[in-house]
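Observations on chain architecture
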Amino acid sequence: MTERRKLVVVGNGMAGARFVEELVARGGRDAWDVTLFGDEPYGNYNRILLSSVLAGTHQPTDIFLNPLRWYTDNGVTLRAGLRVRGIDRRARVVHAGNGVMERYDALVLATGSVPFVPPLERLRLDDGAFREGAFVFRTLDDTEAMMRYAGRSKKAVIIGGGLLGLEAARGLLAMGLEVHVVHLMKHLMEVQLDPAAGRMLERLLKGMGMHVHLARATCGVIGEERVQGLLFADGLTLDSDMLVIAAGIRPNVQLAVDAGIEVERGIVVGDDLATSDANVFALGECAQHRGVTYGLVAPLWEQARVLAERLAGRAPDATYVGSRVSTKLKVAGVDLAVMGDREATAPDDEEVTYSEPARGVYKKLVVRGGKLAGAILLGDASSAPALLQAFDRDRPLSDDRSELLFPQSAHGSQTSAADQPDDAQICNCNGVSKGAIVAAVRGGCRSLKTLCDRTRAGTGCGSCKRDVGAILEAVAGDAASEDPSVHYYVPGVPLAKPELVRAIRERGLKSVSAVFRDLADGKEDPASKPGLASLLKTIWRADYEDERDARFINDRVHANIQRDATFSVVPRIYGGVTSPAQLRKIADVAERHGARMVKITGGQRIDLLGIPKERLPQVWRELGMPSGHAYSKAFRTCKTCVGTDFCRYGVGDSTGLGIAIEKRYQGLEAPAKLKLATAGCPRNCSEATTKDVGAVAIEGGRWEIYVGGGAGSRVRKGDLLCVVGSHEEVLRMMGRFMQHYRENARYGERTYDFVERFGIEKLRRLLVDDEEGIAARLDVDVQAAVDAYVDPWTEADAPKTAEQFTDAIDARGAQAAE
Amino acid sequence: MTRDFDLGPVDRIPPGEGRTFDLGSVRVAVFRTRSGSVHATQADCPHRAGPLADGLVGDGCVVCPLHGYKYDLATGDPLGHACGPIAVHVVSITSDGRVMLSLD
Ligand code: SRM
Ligand SMILES: Cc1cc2nc3c(=O)[nH]c(=O)nc-3n(C[C@H](O)[C@H](O)[C@H](O)COP(=O)(O)OP(=O)(O)OC[C@H]3O[C@@H](n4cnc5c(N)ncnc54)[C@H](O)[C@@H]3O)c2cc1C
Ligand code: SF4
Ligand code: FES
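Here goes a summary of the coordinates provided. Bear in mind that the values here come from a model prediction, so they are computed numbers and not experimental data. Think of each chain on its own: its residues are numbered from 1, step by step along the sequence as written. The naming scheme follows written order: chains are lettered A onward, ligands numbered 1 onward. Since the coordinates come from a predicted model, pLDDT governs what is reported: local features require at least 70, and pairs of side-chain atoms require 80 or more to be given and counted, while whole-chain, interface and lining totals use all residues. Processing note: side-chain calculations cover all non-hydrogen atoms of the structure and skip hydrogens and water entirely.

**A closer look at the overall build of chain A**
The number of helices and strands found in chain A is 26 helices and 41 strands. Out of the 818 residues in chain A, the part that is buried amounts to 53%. Pairs of residues are marked as contacts when any of their non-hydrogen atoms sit within 4.5 Å. When contacts within chain A are restricted to residue pairs at least 6 apart in sequence, long-range pairs at least 24 apart make up 61% of them. We get accessible surface area from the Shrake-Rupley algorithm with a probe of 1.4 Å; when it comes to residues, only the shown protein chains can shield them. If you sum the accessible surface of chain A, you get close to 35,400 Å²; carbon and sulfur atoms cover 49% of it. A helix here means a DSSP run of H or I that spans at least four residues, while a strand means a run of E at least two residues long, and both kinds are numbered starting from the N terminus. Think of it in three bands: residues with accessible area under 20% of the maximum for their type are buried, residues over 50% are exposed, and the middle band is partly exposed, with areas taken using a 1.4 Å probe on protein chains only.

**Thoughts on the site of ligand 3**
The rule for a residue being near a molecule or strand is that one of its heavy atoms must lie within 4 Å of it. The immediate surroundings of ligand 3 are formed by Cys641(A), Val642(A), Gly643(A), Cys647(A), Tyr649(A), Gly650(A), Gly680(A), Cys681(A), Arg683(A), Asn684(A) and Cys685(A). The residue inventory of the shell around ligand 3, partitioned by class, reads six nonpolar, four polar and one charged. Three categories are distinguished: nonpolar for Ala, Val, Leu, Ile, Met, Phe, Trp, Tyr, Cys and Pro, charged for Asp, Glu, Lys and Arg, and polar for the others, with Gly belonging to the last.

**Considerations on the site of ligand 1**
All names here are of chain A. Not every one of the 21 residues close to ligand 1 is listed here, only the nearest: Gln562, Gly602, Arg605, Lys673 and Tyr752. Lys673 has a polar side-chain atom sitting 2.6 Å from an oxygen atom of ligand 1. Think of a polar contact as two N or O atoms within 3.5 Å of one another; within protein, one of them needs to be a possible hydrogen donor and the other a possible acceptor, and neighboring residues in sequence only count if both atoms come from side chains. Within the side chain of Arg750, one N or O atom sits 2.9 Å away from an oxygen atom of ligand 1. Taken together, the elements giving at least two residues each to the shell around ligand 1 come down to β33 (606-611) and β34 (635-639). Of the residues that constitute the shell around ligand 1, the class distribution is four nonpolar, nine polar and eight charged.

**A short note on the packing of aromatic side chains**
Residues and elements named next belong to chain A. Working definition: rings of Phe, Tyr and Trp (its six-membered ring) pair if their centres are within 6.5 Å, and the pair is stacked with planes under 30 degrees apart, edge-to-face with planes over 60 apart, and tilted otherwise. Considering all chains together, one arrives at 11 aromatic pairs over all chains under this definition. Taking the centre distance of 5.5 Å and the plane angle of 85 degrees together, the rings of Trp620 and Phe805 count as edge-to-face. With Trp620 in helix α20 (residues 616-623) and Phe805 in the loop between α26 (775-787) and β41 (809-810), the pair connects residues that are 185 residues apart, well separated along the chain. Each member of the pair, Trp620 as well as Phe805, is classed as buried. Chaining the aromatic ring pairs together yields one cluster made of Phe737, Tyr741, Phe754 and Phe758. For a lysine, the NZ atom is tested; for an arginine, the CZ atom; a charge sits over a ring if that atom is within 6 Å of the ring centre and within 35 degrees of the ring normal. Stacked on the ring of Tyr574, the Lys or Arg Lys663 has its end atom at 4.8 Å from the ring centre. The ring of Tyr649 has Arg683 lying over it, and the distance from NZ or CZ to the ring centre is 3.6 Å.

**A few points about the interface of chain B and chain A**
With 39 residues of chain B at the interface, the matching set in chain A holds 41 residues. Accessible-area loss on putting two parts together, using a 1.4 Å probe and summing over both, is the definition of buried area adopted here. Of all residues in chain B, the largest losses of buried area upon contact with chain A belong to Arg34(B), Asp54(B) and Leu56(B), amounting jointly to 20% of the total for that side. Every case where a carboxyl oxygen of Asp or Glu lies within 4 Å of a side-chain nitrogen of Lys or Arg is listed as a salt bridge. Connecting chain B to chain A are six salt bridges. Ionic pairing is found between Asp59(B) and Lys523(A), a salt bridge with its closest N-O pair at 2.9 Å. Elements with a contribution of two residues or more to the side of chain B that touches chain A: β1 (3-9), β2 (18-22) and β5 (56-58) of chain B. Of the residues forming the side of chain B that touches chain A, the biggest block, five residues, is contributed by β1(B). A pair of strands counts as paired when DSSP detects no fewer than two bridges linking them. Looking at chain direction, β41(A) and β2(B) are connected through two bridges and run parallel. Its bridge partner being in β2(B), Asp810(A) is matched across the sheet by Asp22(B).

**A short note on helix α15 (residues 497-507) of chain A**
Residues and elements named next belong to chain A. Taken as a whole, α15 has its buried residues at Lys497, Leu500, Val501, Ala503 and Ile504. All buried residues of α15 lie within an arc of 165 degrees about the axis, which places them on one face of the element. Of the exposed residues in α15, those oriented more than 90 degrees away from the buried face are Pro498 and Glu506. Those residues of α15 hidden inside the fold are in contact with β28 (488-490), β29 (493-496), α16 (512-519), α17 (529-540) and α23 (727-744). One or two steps after α15, the chain reaches Gly508, where phi turns positive at roughly 60 degrees. Here the arc refers to the directions that run from the helix axis out to each C-beta atom.

**What about the side chain of Asp194(A)?**
Turning to its location among the elements, Asp194(A) is positioned in the loop between β11 (178-182) and α6 (195-207). The residues contacting Asp194(A), other than those within four sequence positions of it, are His187(A), Arg342(A), Glu343(A), Tyr362(A), Lys364(A) and Ile376(A).

**Side note on the pairing of strand β5 (residues 93-96) of chain A**
Residue and element names in this part refer to chain A. In this structure, strand β4 (residues 84-88) lies alongside β5, joined through four bridges in antiparallel fashion. Bridging across to β5, Asp88 finds its partner in Val93. Where β4 hands over to β5, the hairpin turn is made up of four residues, of which Arg92 adopts a positive phi near 50 degrees. When β5 meets strand β6 (residues 101-103), the two strands line up antiparallel, connected through three bridges. Paired with His95 across the two strands is Met101, which belongs to β6. Connecting the antiparallel pair β5 and β6 is a turn made up of four residues, with Asn98 showing a positive phi of about 55 degrees.

**Details of the side chain of Thr655(A)**
Residues and elements named next belong to chain A. In this fold, Thr655 is placed in helix α22 (residues 654-665). Only 3.5 Å separates the side chain of Thr655 from the backbone oxygen of Val642, close enough to count as a polar contact. What Thr655 contacts, discounting residues up to four positions off in sequence, is Val577, Thr640, Cys641, Val642 and Gly643.

**What about the pairing of strand β3 (residues 27-32) of chain B?**
Residue and element names in this part refer to chain B. Of all six residues making up β3, five are buried, and the element is well covered by its neighbours. With five bridges joining them, β2 and β3 adopt antiparallel strand pairing. Opposite Arg19, over in β3, you have Val30 as the bridge partner. The antiparallel hairpin formed by β2 and β3 contains four residues in its connecting segment, where Gly24 sits at a positive phi of about 90 degrees. As paired elements, β3 and strand β4 (residues 38-42) share five bridges and run antiparallel to each other.

**Here's the deal with the sheet that holds strand β2 (residues 32-38) of chain A**
Residues and elements named next belong to chain A. Spatial ordering of the open sheet is given by β3-β2-β1-β7-β19, a layout of five strands whose pairing is parallel. The strands lining the two open edges of the sheet, one partner per strand, are β3 (76-80) and β19 (280-282). The sheet shows a mean angle of 20 degrees between the axes of neighbouring strands, taken without regard to direction. Pairing analysis gives five bridges linking β2 to β3, with the strands arranged parallel. What sits directly across from Gly38, in β3, is Ala80. Here, axes are lines fitted to C-alpha atoms. For helices the fit covers the stretch in contact, and angles between N-to-C directions go from 0 to 180 degrees. Here helix α1 (residues 14-25) sits on the sheet in contact with β1 (5-10), β2, β3 and β7 (106-109), set at roughly 150 degrees to β1.

**Topic: unusual backbone geometry**
In this model, Gly84(B) is joined to Pro85(B) through a cis peptide bond whose omega is 5 degrees. Note on placement: Pro85(B) falls in the loop between β8 (78-79) and β9 (88-93). Unlike most non-glycine residues, Arg122(A) shows phi in positive territory, near 65 degrees. The exposure class assigned to Arg122(A) is partly exposed, which follows from its relative accessible area of 36%. Backbone geometry places Asp59(B), a non-glycine residue, at a positive phi of 55 degrees.

Listed below in structure tokens is the structure:
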């Protein structure tokens, strides 16, 4: 066997880590000993999702791609937190901090980019560091630092109205800051957008509450200790608590420059991805290929594949010939797809545009010689897949251009991912074709998660996950549901819900610890505890052995934990109807206990925020109102409108009905929260059609009952379950539906997913037509659950566990004598 | 120099839960697992200062209630993320059921 040679990679970012993965997948470890240096002290993570971390939709833990174990399992030496400081090309050695050096036979530079920081007066302190309150947006550390600081800031300015700047702006806006974007150019995102699209985007962003300042040159920072504002070239100023610089990126080439490798804008590489030194390669944002440097991930996936093919010896002649840049993005929550040229450049080029300012939709095609030379699609992603394909494959376009812009209109037809050809690209972040996904399903991937992990589809921005799911379903059919792990009710007990329920009943398991003991080899998975507790309570009701440690903190102390470990208190206000006396009482309690904020919630009641744990019992006692369950997976609220009592259009007593519903079902535990509403007429002021369960009064004294609606992280209009003729029937049908949902939904599955999974026709047959004869049993069981209800706030005077409401046990005198 | 603390009867911590103890100079979280062992860690999560004692406990770990970061109770090592590790302290139960903690 020949001696393995040494391969050193500098940069454990998107390109470096992906290259190593591709190399390992091609058996490259047989030929190479691989050492990977990464300046950042982590395994590698998905940099794209930093925007989502900032926007609060992802936790930092969600964005890691390979755990540290992956490196050891695959024999790759990761030197995380070590910066390579120099390359000695004669000796073929790289030098890192702390005297660490590593010899190489081949070296790969994947050092990415560094943020471009324009020269602003007073930005830096004497030691070169930024003044407090100024940030760039590139790494996880940057993101976390920015989030910490934003927590204590009110107003932020972002310099740069490109993709990165707008992502930063959206994140900070979501954190509740007043956000100003200052951009040097005359329209936003001028690299990707034409002026019209830029203006449309600007309108959308302003509609979200962002402030946009165009054609503004910033010249300096105001503030002594920390940033307090910006000074512009025209003499105007803007005060601000923090500053984010997102003014572009520059390839990170210093290492290559110092080593005497040829560098122009980026490190110059040929089609073999080798630099001017044949033993040194470069890829990713630091590389310049055929005069182009890239700033998006898709091209670097291709580069990583080509270089891995070459170095693993699979295809030593593989070449990279450049990428046609097309991309699907979400900019501040707005869908955007761009490809190729953004404007006509040749006299015969044809521009087709469609603009609908009211909806924020703008579409533009640049057609050259009957083929797509470029496109901008803002605010409507539906036509993007077909156009991206036409662009990538350089296919001739249909003569009917409107068909291209409006795939759902009469002539066009919307293709589902499952109907597309095998070479269709499904995941545009990671460049995964439908064929690759199909092959992985055939190769045994049966769950969306394993499929995504295996193919990497859906692991970028995540917008194609639905398509991947559709392909999985189409290919695996019933087999998809035969894979049990997808259907475990909770991750820590390997049983689907029906089997789990059966086992619990048969063995008489009444507590969470008993379930772990009997069904999970005694392994107590903490994340599975609340789900099991909820299920056991539904099955055994009063006989359930309530172990408090199985509950999430909110359900141990009946309040919602806040970021500073205080709690919020939301008393129940039936149907949102209150009285002066009740308001006065709430006001007094809020004042006495120093509630940090008193807020009218979106659920038609009042939230007292910032209450320390140990004050909760006293606050409840003084309020003398029942818990609003604003913290638990249970029946929350029933919003109402003013209905027949006051409203000139009302045709049904929505207020009275809503109060009755809430009195009956308050606190009913469920797999996920239940939010209800009643509306007095189809104007639907209480939004009953987008609630888990809603009732809308219609002429003739009747009520429509909608189920499976929601307007939270997903917006879905509820399906009409039935129309009934009285309040009693509304109460009964709602209870029947909720009981069925309690018994059949997965833990955490909201009704909007449950109803879709089950199908409304089937629900109607079961619950309305009573085809299987279960309706009466459901009615009895939900009644029993209603009867078993106890207001948890009565624990104020009867705590269930030791020190239940103690913030910290005082042990200041506890030091034992010597 | 180690300092020893008598934190009182173990019944102050319900099985499977944790409680924060204020020792004056420092606060620690003490956990009592369902199998009867006790563990002590720093009180605040290194991520964003979530109260670890309020977390769910099981399989030898605690899950911070704020953002779900998981830590090994015996070693303090982060599990599945890069935050921490958290400090762990020596703690035991005496024959008469009192929790004894030592701080370095
Ligand atoms: C207080 C309130 C906002 C407000 O100031 O108005 C609120 C506050 C929270 N919402 Fe909400 N939601 C509030 C109305 C809503 C509404 C509107 C409504 O109820 O009519 C929605 C959309 C309707 C829906 O749920 O379908 C809503 C959709 C969400 C979601 C997304 C749920 C989903 O599955 O789509 C979450 C996240 C979750 O549950 O995982 C959430 C989670 C939260 C949490 C509990 C986050 C958390 O875990 O800490 C917030 C608690 C803050 C606190 O400590 O008090 N909140 N939240 C509203 C309380 C209503 C109430 O009186 O009970
Ligand atoms: C917030 C944000 C959002 C984005 N959104 C999108 C998007 O939606 N779509 C899209 O296509 N692209 C997006 N991008 C761009 C995309 O992330 C980059 O194109 C991609 O990360 C480039 O990969 P890379 O490996 O070349 O560089 P990087 O991912 O930056 O990796 C380079 C790594 O090398 C390390 N390094 C540098 N020098 C040294 C040294 N001397 N020694 C050791 N290590 C070193 C760095 O610490 C870094 O970890 C986004 C970028 C950001 C910052
Ligand atoms: S839903 Fe109908 S009854 Fe209720 S407030 Fe609106 S218009 Fe009036
Ligand atoms: S504070 Fe503990 S996970 Fe965030």
